[in-house]
Structures are given as C-alpha cells and as structure tokens.
Amino acid sequence: MDLSSVADQLDDEAADTRDVAAPRDRRSPSDADPLWWRSAAIYQIYPRSFADGNGDGVGDLAGVRHRLGYLKDLGVDAIWFTPWYPSPLADGGYDVADYTSIDPRFGTLEEAEALIQEALALGIRTIVDIVPNHISDQHPWFRAALAAGPGSPERDRFWFHPGKGPDGSEMPTGWESSFSGPTWTRTTNPDGTPGEWYLHLFTPQQPDLNWNHPDVRRMHEDVLRFWFDRGVGGVRIDSAALLVKDDTLPEVPENPQPGGHPTQDRDELHEIYRRWRAIADSYPGARILVGEIWLPDIHRFAKYLRNDELHTAFNFDFLARPWDAAELRASIDRTLAAHAPVDAPSTWVLSNHDVTRPVTRYGREDTSFAFAAKRAGTPTDLALGTRRARAAALLTAALPGALYIYQGDELGLPEVEDIPEDRLEDPMHFRSGGTDPGRDGCRVPLPWSGSRPPFGFSPPGAARPPWLPQPAAWSSLTVQAQDGDPSSTLWLYRDALRVRKALNGAPDTGFSWRSLGDGVLAFERGPEFLSITNLSEHDVELPDNAGILLASAPLRGGRLPPDSTAWLRTRRLPSRLRV
Ligand code: GLC
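Residues numbered from 1 in each chain as written. Predicted model: local features only at pLDDT ≥ 70, side-chain atom pairs only at ≥ 80, totals over all residues. Heavy atoms only, no water.

Draft legend 1. Here's a closer look at the overall build of the protein. Each helix and strand in the protein was counted, giving 15 helices and 16 strands. Its C-alpha radius of gyration of 24 Å places the protein within 12% of the 25 Å reference for a compact globule of 579 residues. Taken over the C-alpha atoms alone, the protein extends approximately 80 × 55 × 50 Å along its principal axes. Residues counted as buried form 60% of the 579 residues belonging to the protein. (Helix = DSSP H or I, 4+ residues; strand = E, 2+ residues; numbered from the N terminus. Rg over C-alpha atoms; globule rule 2.2 N^0.38 Å. Buried < 20%, exposed > 50% of the residue type's maximum accessible area, 1.4 Å probe, protein only.)

In structure tokens form, the structure reads like this:
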C-alpha cells in the first residue's frame, strides 16, 4: 500500500463507525519475514491492568484474549507481556517464583499457549518478559539456599557473603539500590544467630542470581527454549545490563571506567547474550531478544546490539529528554548514529510501566524524566500534556526503527496521582520512605466502556473492584467513548500505525532532517514523506505540502500550531503521487 492510498483510506474511514472487536484482516505473520522486528509496533501489556475476564478485579489472559481484536484494529505487530509468571508480587511480578508457568490469577499455561496462537493468527507476535538478574525469595532455589546454610552449594547460586566488621554486622558493600535503601539483607542462621548477607539490587524479596554459576545459566537457557517452543516471537530481558557482578565486591568507583562498575554493564555479559542469540537463531523465523538497558553511555549500549547479541534494546535516552526541540533532536541524532555501526534498528519508547505517563510528564514545567526521581504533586496542565503527548506519538512513530506503545497511552491516559496510600503497592514508593510516588499511577486498569468504574475493565457483576482505583474522570477516555470520536487519541494512534506501516514498507525511506527554523523538528523519510513537530511558540508554515496525511491537532489557517505534529506527503516527486 503506498502513502497516497493510505491517505485516501484515512479520509474514507473518518466517516465509518468501527467495530472495535472486528479484526480487519487475518494475515498471519510468516516465518518468511525475518526482519519484522526492525520496524515493528510493539504494544506493552501489563496483564494485571489490561482487561479482567473473570471479575476478580485483576486483569488476566481471558481478558486479553477477548480484546485481541482491539489490538489488531489498533494495528500493532506484537505484544509484550510484563511478567505473567507465578509471583508473590513484591515488585509487580518482577519477583518470579516459576519461570515456566502462569500465575493462577492470570490463568493457565494452556490459556497462554492458546493466546500466543490466536494472536499469531491475527498477525500479532508475543514477546515474553524474562527476569534473569534476580528471582523471587519464594523460588525453591532461594528457599533451599536459606535452609542449607553458609558454605552450601545451594547458596552458590546467589550472592551470600559474610558481613564486614568484627561481628559481621556491616553490609559487604555500600552498593546502592535504584529502589533506594540497602542492597544487602542479613539472614538468620537455623540456630537463631545472625548469619550471612545476601545481595539484592532491588527489594529483599528479589535476591540476585550468581551468573558465574552454571545452574543459573542453564536454567535461563532452558527458559528461553521453553517459550520459543511455545511460539513466542521474542523475549524482553529485564535489567539486562546488571546480571554480572565483580566477585571481588569492590565499592563503586567515583568515575567508573567503561566496564568498571561492579554491578553494571560488565564485559562478561556479552558472552551470555551471544549464547542466547544462538538459541534464538536456532528457531524458525526471527525470534528476538530485546534488552532493558539503562546506560548513560550510548556507545556501550550499542555494543549489546552487535549482530550476534541482542536484536534491539529500549532507547531510554529519548524518553528521558524534556520537551525541547534541541534536546530531542540531539537524542535522535545520538541514537541513530550509535545504532548505525552495528546495523541495529533504534527503538522509540515514550513510556512503560515504570515511568510517569507522557500526558502528565509533558504537562509539567520540568518535562524530563529520571527513573528514580519521579515527582508528585507538581502543577500539571493536562490539556497541554495531552497536546504534546499526541505530537510526540506522531514524532516517534515517524522515526526509523521499532516503536513501543505502553497500554493506555493510545487512550491518552494521564498518570493517576491520587491513589489512596493504603491502595499503593509499588516498593519504590515504600522504600523511598514515601518521597517517590512510585509507579502505581501508570498501572491503573484500563477504561474500556461505560460511565463509571470499572469502565468495562471487569465484566458486569464482577465480584471485586479493580485492584487499583480508576478516576471517575476516565469516563471520557474509555475505548468506547474514543471509538466514536475521530479526533480522539485512539483514532490518532490507529491512523498513525497504518500510515507508519505503509511508510516503512515503502522503498527508499531513509532519514534526513529538514531545516524549518528554531524549535521545529522536521525530517523526511524518503521523497514522499515529511514529519514536522512544532515545539516553538509560533505557528509554522508547512512546506512542500501535497496533502496532510495526519496531524495531532487541527491546523490554523493551514499552519501547524505549537506542540503538534503533522505528517505530509511532499510535492518533491509529483509523478509518484495520486493527489
Ligand atoms: C525493570 C522493570 C521494573 C522492575 C525492575 C526490577 O526495571 O521494568 O518494573 O521493578 O526491573 O525487576
């Protein structure tokens, strides 16, 4: 499909009423498309909050299966599930008690298998979340390690260590957790005396695994095969740069040299991912490895993307930037330049289950983001934030590479900042002593329909309310409400994904900047397509305009207003266009 026919279709469909549950076409992804991941649109599902099928107030696989048509209609190529495994939920499921089954609150392994196939039949691949750095303290390995005591082989799979000081009462290192607080917890010996300490870069319920131990490597390689055998299209690797530690346990140097940090980005990691890549490559079709890698040095980051390691990794540099043309442009340039030598596609990520929703972030005076420095109670202009989030959605969708969409961003949901304290669950909040608002505010169950909570998240007559309370104001943001409104954010995302697919399928869609003045980010993707984002305070003229494909806000007298993005067909090659 070329861009001009997409544009015609967009016009026709503006008048259509849509059936959200009816998939448009049923092509299956084929193993003959080994490059699907290079430009895929990947939708992140946080299973507890997507859709509740059985009425217990918690999202589940039945809910997802029921809504697959919605995802097909949205136009995504893959879904990534944050952990769906049995878990005590000390950290929202990132404390995994069993990597090869499904938490009973979500359903069964058979349901997961059926879901993977049903999604595939709609052309949607599934990506599962693998959590290799740590494990739940309820996992049989850790329980056995505690029971077996100091010096036992069971403890070698973890980082048990005597404390410092004459009575061992000081932590073995002063390493800091990105969840605030200490990274070591002292154990109690079977006779009741104080014992060794164990390492946990996150909560005490998430003991770190020792990746020097062959059992740990073998277990994760088996887990990869387990899910690839079930037809998943890829794995997202949690905390991918943290697995290997310096076993001499030094303190963190003031300015660590590349690879010189005791718990981050150690060179030994690359060999682990080369083995994982060989496993992924032994399966038909492209089964991909996606790393969650927060690293300040983008060149170190790109090393993980060499062609025998990970396929892609989340680009958090862009996400962390403020709403500022120079900053965003510099981030895009840095990202593209760092990916080019390893021939890996960039990824564009506006949010996920760990970060403040873009509508809220971009509505504040300081629009930047840092993982461990979230803000609450800051004045927020949600109308402005929504304008910018819509503009950012088009900006990122036009960039070359893969696109990640966090559930609910396609509805323009804001961060929920007034969840009562006794309903909060996130350990980041509690471990910070309440200074960090935590991540619950971006994890509130989705509003699907109706005018009151649970907004169709749970079926009628549900036994329990949603596990986190939904704001009453979400009645105007439900899928149902937006479905009937062509100016809604949901329509914008659907249209954007359709144009994007045509764009990425077209030949010669290289990337080049156009200079349209200060505060304006304009770039071409090939001869026919121009994306313009106006971050200045003035309306901007649209050059070479042979037709608007899509705009995040209405134009003003043919000009693009501040905080909005337009996609144009350009006039530069008139012979190729049907206008
Ligand atoms: C990743 C996850 C986050 C989790 C942490 C520890 O950053 O995205 O949700 O808390 O790892 O597993």
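Back to the write-up after that little detour.
Draft legend 2. Broad picture of the site of the ligand. The immediate surroundings of the ligand are formed by 14 residues, with Asp91, His134, Asp238, Glu292 and Asp354 found nearest. At a separation of 2.9 Å, an oxygen atom of the ligand approaches a polar side-chain atom of Asp238. In this structure, Asp354 approaches the ligand through a side-chain N or O atom, which is 2.5 Å from an oxygen atom. If the ligand stood free it would expose 310 Å²; the protein chains cover 98% of that surface. Among the residues forming the shell around the ligand, the class breakdown is three nonpolar, four polar and seven charged. (Near = heavy atom within 4 Å. Polar contact = N/O pair within 3.5 Å; in protein donor to acceptor, adjacent residues only side chain to side chain. Areas by Shrake-Rupley, 256 points an atom, 1.4 Å probe, with all protein chains shown as cover. Nonpolar A, V, L, I, M, F, W, Y, C, P; charged D, E, K, R; others polar.)

Draft legend 3. Spotlight on unusual backbone geometry. In the segment running from Pro453 into Pro454, the intervening peptide bond is cis, with an omega of 10°. Relative to the helices and strands, Pro454 resides in the loop between helix 13 (427-431) and helix 14 (479-483). Even without glycine at this site, Leu249 takes up a positive phi of about 50°. Phi angles above zero are rare outside glycine, and Asp508 is one such case at about 55°. Tracing the backbone shows Asp508 in the loop between helix 15 (489-505) and strand 12 (511-514).

Draft legend 4. Structural view of the domain arrangement of the protein. When cut into domains, the protein gives domain 1 (37-133 + 218-491) and domain 2 (140-199). Using C-alpha coordinates to define each centre, domain 1 is positioned 31 Å away from domain 2. On the domain 1 side of the interface with domain 2, the three residues burying the most area are Leu249, Glu251 and Arg431, jointly 45% of the side's total. The tally of links from domain 1 across to domain 2 stands at one salt bridge. Measuring nitrogen to oxygen at the nearest pair gives 3.8 Å for the salt bridge that ties Lys164 to Glu251. Run the count over domain 1 and domain 2 and you get five residue pairs in polar contact (both at pLDDT 80 or more). Here the side of domain 1 that touches domain 2 gets three residues from one element, more than from any other, and that element is helix 13. (Domains from an automatic or database assignment. Buried area = accessible area lost by both parts, 1.4 Å probe. Salt bridge = Lys/Arg side-chain N within 4 Å of Asp/Glu carboxyl O.)

Draft legend 5. Seen up close, the packing of helix 12 (residues 382-398) against helix 15. Where helix 12 meets helix 15, the axes come as close as 10 Å, and the angle between the chain directions of the two elements is 15°. In terms of orientation, helix 12 lies roughly parallel with respect to helix 15. Here helix 12 and helix 15 pass one another in a crossing that is right-handed. For the pair formed by helix 12 and helix 15, the contact residues are Arg390, Ala393, Leu394, Ala397 and Ala398 on the first element and Thr489, Leu492, Tyr493, Ala496, Arg500 and Leu503 on the second. (Axes fitted to C-alpha atoms, helices over the stretch in contact; angles between N-to-C directions. Parallel < 35°, antiparallel > 145°, perpendicular 65-115°, else oblique. Left-handed = near helix turned anticlockwise from the far one by under 90°. Contact = heavy atoms within 4.5 Å.)

Draft legend 6. The arrangement of the nonpolar core in detail. The biggest cluster of nonpolar side chains holds 157 residues, and the ones touching the most others in it are Tyr43, Phe50, Leu71, Trp84, Trp227, Tyr273 and Trp567. For this core, the element with the most residues is helix 12, which contributes eight residues. Summarising the domain contributions, this core has at least three residues from each of domain 1 (37-133 + 218-491) and domain 2 (140-199). In this view, Trp227 contacts Trp84, Tyr85, Tyr99, Thr100, Ile102, Leu109, Val128, Ile130 and Val232; residues no more than four positions away in its chain are not counted. Membership of the second largest hydrophobic core comes to nine residues, among which are Leu530, Ile532, Val540 and Ala566. (Core = buried A, V, L, I, M, F, W, Y, C linked by side-chain atoms within 4.5 Å.)

Draft legend 7. Geometry of the packing of aromatic side chains. Per the counting criterion, the structure on display carries 31 aromatic pairs. Between Phe142 and Tyr198, the ring centres sit 4.9 Å apart and the planes meet at 65°, which makes this aromatic pair edge-to-face. Separated by 56 residues along the polypeptide, Phe142 in helix 5 (residues 140-148) and Tyr198 in strand 6 (residues 194-199) bring together distant segments of the chain. For Phe142, a relative accessible area of 2% corresponds to the buried category. Taking the centre distance of 5.2 Å and the plane angle of 50° together, the rings of Phe228 and Tyr283 count as tilted. Highlighted residues: Phe228 in helix 6 (residues 214-229) and Tyr283 in the loop between helix 7 (269-281) and strand 8 (288-291), separated in sequence by 55 residues. (Phe/Tyr/Trp six-rings, centres within 6.5 Å; stacked < 30°, edge-to-face > 60°.)

Draft legend 8. Fine view of the sheet that holds strand 10 (residues 347-349). Within the open sheet, the eight strands sit side by side as 9-8-7-3-2-1-11-10. Their pairing is parallel. Taken across any chain shown, the strands that pair with only one partner, and hence form the sheet edges, are strand 9 (312-313) and strand 10. Sheet topology note: the strand 1 (residues 41-45)/strand 2 (residues 78-81) ladder contains four bridges and is parallel. When the sheet's bridge partners are listed, Tyr43 is paired in strand 2 with Ile79. Relative to strand 11 (residues 402-406), helix 15 is tilted by about 165°, and along the sheet it contacts strand 1 and strand 11. (Pairing = 2+ DSSP bridges.)

Draft legend 9. Main features of the pairing of strand 12. Sheet topology places strand 12 next to strand 13 (residues 520-525); four bridges connect them, and they run antiparallel. Residue pairing in the sheet places Trp513 in a bridge with Phe523 of strand 13. In sequence, strand 12 turns back onto strand 13 through a hairpin of five residues, with Gly517 there showing a positive phi of about 105°.

Draft legend 10. Inspection of the packing of helix 6 against helix 7 at higher detail. Running from N to C, helix 6 and helix 7 point in directions that differ by 30°, and their axes come no closer than 10 Å. In terms of orientation, helix 6 lies roughly parallel with respect to helix 7. Read as a crossing pair, helix 6 and helix 7 show a hand that is right-handed. Facing Arg217, His220, Glu221, Leu224, Arg225 and Phe228 of helix 6, the residues of helix 7 in contact are Glu271, Ile272, Arg275, Trp276, Ile279 and Ala280.

Draft legend 11. Here's a closer look at the pairing of strand 5 (residues 184-188). Relative to strand 6, strand 5 is paired through four bridges, and the arrangement is antiparallel. Looking across to strand 6, one finds that Thr185 is bridged to Tyr198.

Draft legend 12. Broad picture of the side chain of Asn210. Mapped onto the elements of the fold, Asn210 is located in the loop between strand 6 and helix 6. According to the relative accessible area criterion, Asn210 is buried, its value standing at 12%. Among the polar contacts listed, one links the side chain of Asn210 to the backbone nitrogen of Asn212, at a separation of 2.8 Å. In contact with Asn210, not counting residues within four places along its chain, are Asp156, Arg157, Phe158, Trp159 and Val216.

Draft legend 13. Quick look at the side chain of Gln470. As for its position among the elements, Gln470 is in the loop between helix 13 and helix 14. Polar contacts involving the side chain of Gln470 include one to the main-chain carbonyl oxygen of Pro445, which spans 3.1 Å. Separated by 3.4 Å, the side chain of Gln470 and the backbone oxygen of Pro454 make a polar contact. For Gln470, the contacting residues outside a window of four places in its chain are Val444, Pro445, Leu446, Pro447, Pro453, Pro454, Phe455 and Phe457.

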